[in-house]
Amino acid sequence: MTCVTGMMMLTLFRKVALSHLASAETLSRFNLDEVVRKDALSWLNVRCAVSLLWGVSAIRVRNVSTSTTMLSSAKAPQTSHKKREMSEKKLTRHFVDHRRVKLVAGSGGKGSCSFHSEPRKEWGGPDGGNGGDGGNIIIKADRFVKSLAQVVPVYKGDDGEAGGSKNCYGRNGKTTYISVPLGTVVKELGNTVADLAEHGQEFLAAFGGTGGKGNRFFLSNENRAPMMATPGMEGQERVLQLELRTMAHAGLIGFPNAGKSSLLRAISNARPAVAAYPFTTLNPHVGIVQYRDHEQVAVADIPGIIRGAHLNRGLGISFLRHIERCRFLLFVLDLSAPEPWTQLQHLCYELDKYDPGLSQRPQAVVANKMDLPEAREKLEILKNSVTQRVIPVSALTGENTEELILHLRELYDGCGHGKPNK
């Protein structure tokens, strides 16, 4: 009787669970005491019934919690991380303005020595093909490349394939391209061999070797069965120096901590690093000054020049080479110095020692840091000490930057429209 009653209860619970006619709460509130009292259900059957009820409730609760978790994870907003700007020190690691590269062009493939052979044609004659030419190495100017950091020390061109039988010529080696920024100067043994100043301009730096000749090439009336084939020639090998010179119309020249970077931020769209210590700018920065007639003037922030820069003290020569292309110069003087007018003399001396006549280009003097109280007195002395036009500005507050921008346009128009000097 007890077993029959237990089987009936299990069948009842199974039907209720499968038909979903009752929830977990309905099953939990089932009156077990009444069943036990009527049918004398044993304690084992009661424990089985309770375990079944607990399992059904746990399954339904588990389903609810899982679906809730999936919905919450699906609706969770995705946080986007904003890309941070690289610091000046990190930019320095990626900016390289000079490289020494070794170029080895591809060698030509060797010619083939073979004779044609087929049934009923015993004397087919020579059919060895020529080898392919080696690949050239070309240096190409690309406006999307900003540094020489991606240039590796050694480049090896592809070799040409060897010739084959049946007059098959070998495949030529692929041309190797080296992308460099605009304004890259190619030198060999100190002599300039190429100046890449325009986008897409190419310089054939190393010639690939010529492919060898197969024995078919040497067929003649005197020699009907030539047995010789020549090997391919070696590719050209050169060692070149690549130097990057900034392409800009105007150059900001001054001693360290003169406020050149702050001035460039005030008059253009460039954002170089600014700090209260010297040599903040470790690499040249170029900013574009926009005018209402859609004319654009490029201004370069040259890193600070120290005394003895022409002797390569510090990084003197690596900084001075960027001034060679500038068509006119802006000398930025620090009016917080004891005698700012002497800075102009030292700067012109360093430029002339590096390249005679470099300081004679069209120029103007920018008296920076006019927001300081002692700058007014030094400004009058500066105007009486120099012959160039003096433009007092404050890069910090933006005072009188309009006059500098207008005079910049006058210098640009006076030198003639066009590209920077080569």
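Residues numbered from 1 in each chain as written. Predicted model: local features only at pLDDT ≥ 70, side-chain atom pairs only at ≥ 80, totals over all residues. Heavy atoms only, no water.

- Looking at an unreviewed UniProt entry, one finds the chain named Mitochondrial ribosome-associated GTPase 2, with Oryzias sinensis as its source organism.
- UniProt's Subunit (unreviewed entry) comment on the chain is quoted here verbatim: "Associates with the mitochondrial ribosome large subunit; the association occurs in a GTP-dependent manner."
- Quoted verbatim from the Subcellular location (unreviewed entry) field of UniProt, the annotation for the chain is "Mitochondrion inner membrane". (UniProt positions renumbered as here; feature names shortened; annotations may be inferred.)

**Description of the sheet that holds strand β8 (residues 237–244)**
Here's step 1: What the five strands build is an open sheet, ordered β3-β1-β8-β5-β6; its pairing is mixed. Edge positions in the sheet fall to β3 (154–156) and β6 (191–196), since each has one partner strand and no second. Pairwise comparison of adjacent strand axes, ignoring direction, gives a mean angle of 30 degrees for this sheet.
Here's step 2: Alignment of strand β5 (residues 184–188) against β8, held across four bridges, turns out to be antiparallel. (Pairing = 2+ DSSP bridges. Helix = DSSP H or I, 4+ residues; strand = E, 2+ residues; numbered from the N terminus. Axes fitted to C-alpha atoms, helices over the stretch in contact; angles between N-to-C directions.)

**A word on the packing of aromatic side chains**
Here's step 1: By the definition in use, this model includes one aromatic pair.
Here's step 2: Summarising the aromatic geometry, the rings of F217 and F218 are spaced 5.3 Å apart at their centres and angled 90 degrees between planes, so their arrangement reads as edge-to-face.
Here's step 3: Residue F218 is classed as partly exposed on the basis of its relative accessible area of 23%.
Here's step 4: Positioned above the aromatic ring of Y177, the side-chain terminus of K140 is 5.9 Å from the ring centre. (Phe/Tyr/Trp six-rings, centres within 6.5 Å; stacked < 30°, edge-to-face > 60°. Buried < 20%, exposed > 50% of the residue type's maximum accessible area, 1.4 Å probe, protein only. Lys NZ or Arg CZ within 6 Å of the ring centre and 35° of its normal.)

**Quick word on the sheet that holds strand β7 (residues 202–206)**
Here's step 1: Strand order in the open sheet made by the three strands is β4-β2-β7, with mixed pairing throughout. Only two strands of the sheet have a single partner each, and these edge strands are β4 (176–180) and β7. Averaged over all neighbouring strand pairs, the angle between strand axes comes to 25 degrees, with direction disregarded.
Here's step 2: In terms of strand pairing, strand β2 (residues 137–141) meets β4 through five bridges, oriented parallel. Paired with K140 across the strands is S179, a residue of β4.

**Details of the side chain of Q343**
Here's step 1: By the element assignment, Q343 lies in helix α8 (residues 341–354).
Here's step 2: Ignoring any residue separated from it by four or fewer positions in sequence, one finds Q343 in contact with F255, V332, L333, D334 and A337. (Contact = heavy atoms within 4.5 Å.)

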